[in-house]
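# Report on the structure
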Amino acid sequence: MSRASLAKDPSHVSEMFDEVAPRYDCTNDILSMGQARLWRRAVTRAVAPRPGLRVLDLGAGTGTSSEPLADAGADVVPADFSEGMLAEGRRRRPDLPFTRADAMDLPFEDASFDVVTISFALRNVADPAVALREMARVTRPGGRLVLCEFSTPTLAPFRAVYERYLMKALPAIAGRVSSNPESYEYLAESIEAWPAQAGVRDLVVGSGWTDVRWRNLSGGVVALHTAQRADVPALARY
């Protein structure tokens with residue numbers, strides 16, 4: 001069994017996700033107390049999939065976030081850097097074009113997508129700013145970003161309860177249901193270290209996106225950020 005550290009070495013992070021892939025979706029449903037499904041629905045509504053819309057679902061894992069987009073008629077590319085996650089996704093949905101991709105060096109042409117979405121994956125990237133610039137590069141001018149990530153609860157009493165669950169109860173529950181419970185120690189640590197809503201907004205703005213907005217889900221446990229690609233030529237690859 002392996003777990004990543006907050007240094008977020010790409011090989012360590014991908015190995016960790018390879019190990020949890022077979023039970024990943026089930027474990028997330030249990031640990032989130034069913035909220036993960038509500039968060040996915042919120043992402044789908046924000047993307048607003050329709051026939052002809054080209055969407056990059058980055059950090060797609062096994063494709064649970066891609067499925068409703070594809071089922072609504074959008075042209076979806078589920079992408080992830082974990083081969084274990086991709087293999088599980090291809091087994092479940094062989095009709096979707098699962099693609100191995102490093103968020104900091106995307107294997108796509110400039111202005112290839114109308115929407116780029118990433119859920120619960122940006123905090124696992126070694127340099128999120130580089131990844132956000134890459135997402136801007138592959139998004140057409142005027143296209144959109146939909147970013148869903150764990151965040152900071154807005155009410156202090158709830159925040160205190162949540163932090164105790166995150167750091168104590170969550171790893172303990174993961175020990176019963178996950179194939180790699182140590183990975184959920186990393187999960188708790190990475191959430192605690194991730195910036196709050198305004199900090200993520202500043203990160204997105206500084207990476208070439210405009211009209212950045214967010215709304216809180218589940219009292220701020222999760223924040224859904226949306227942004228627009230500036231109506232200028234595609235950014236150069238870094």
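So, how was this worked out
- Residues numbered from 1 in each chain as written.
- Predicted model: local features only at pLDDT ≥ 70, side-chain atom pairs only at ≥ 80, totals over all residues.
- Heavy atoms only, no water.
- UniProt positions renumbered as here; feature names shortened; annotations may be inferred.
- Buried < 20%, exposed > 50% of the residue type's maximum accessible area, 1.4 Å probe, protein only.
- Helix = DSSP H or I, 4+ residues; strand = E, 2+ residues; numbered from the N terminus.
- Contact = heavy atoms within 4.5 Å.
- Arc of directions from axis to C-beta.
- Pairing = 2+ DSSP bridges.
- Axes fitted to C-alpha atoms, helices over the stretch in contact; angles between N-to-C directions.

## Digging into the UniProt feature "binding site: S-adenosyl-L-methionine" (unreviewed entry) in the protein
Taking the numbering used here, the UniProt-annotated feature "binding site: S-adenosyl-L-methionine" (unreviewed entry) corresponds to Thr62, Asp80, Asp102, Ala103 and Ser119. With relative accessibility at 2%, the residue Thr62 sits in the buried group. Mapped onto the elements, Ala103 comes out in the loop between β3 (99-100) and β4 (113-119). Leave out the neighbours within four places in its chain, and Ala103 touches Leu58, Val125, Ala131 and Glu134.

## Regarding helix α9 (residues 197-205)
Of the positions making up α9, those classed as buried are Gln197, Val200 and Val204. The buried side chains of α9 occupy one side of the element, clustering within an arc of 65 degrees when seen end-on. On its buried side, α9 packs onto α6 (128-138), β5 (139-150), β6 (209-217) and β7 (222-229).

## Some details on the sheet that holds β5
By definition, the strands of a sheet pair up through backbone hydrogen bonds, in either a parallel or an antiparallel sense. Taken in spatial order, the 7 strands line up as β3-β2-β1-β4-β5-β7-β6 in an open sheet, and their pairing is mixed. Strands at the two margins of the open sheet, each flanked by one partner only, are β3 and β6. With 6 bridges connecting them, β4 and β5 associate as parallel partners. Note on β5: the bridge partner recorded for Val115 is Arg144. Packing against the sheet, helix α3 (residues 35-47) makes contact with β1 (54-58), β4, β5, β6 and β7, and its axis sits at approximately 165 degrees to β5.

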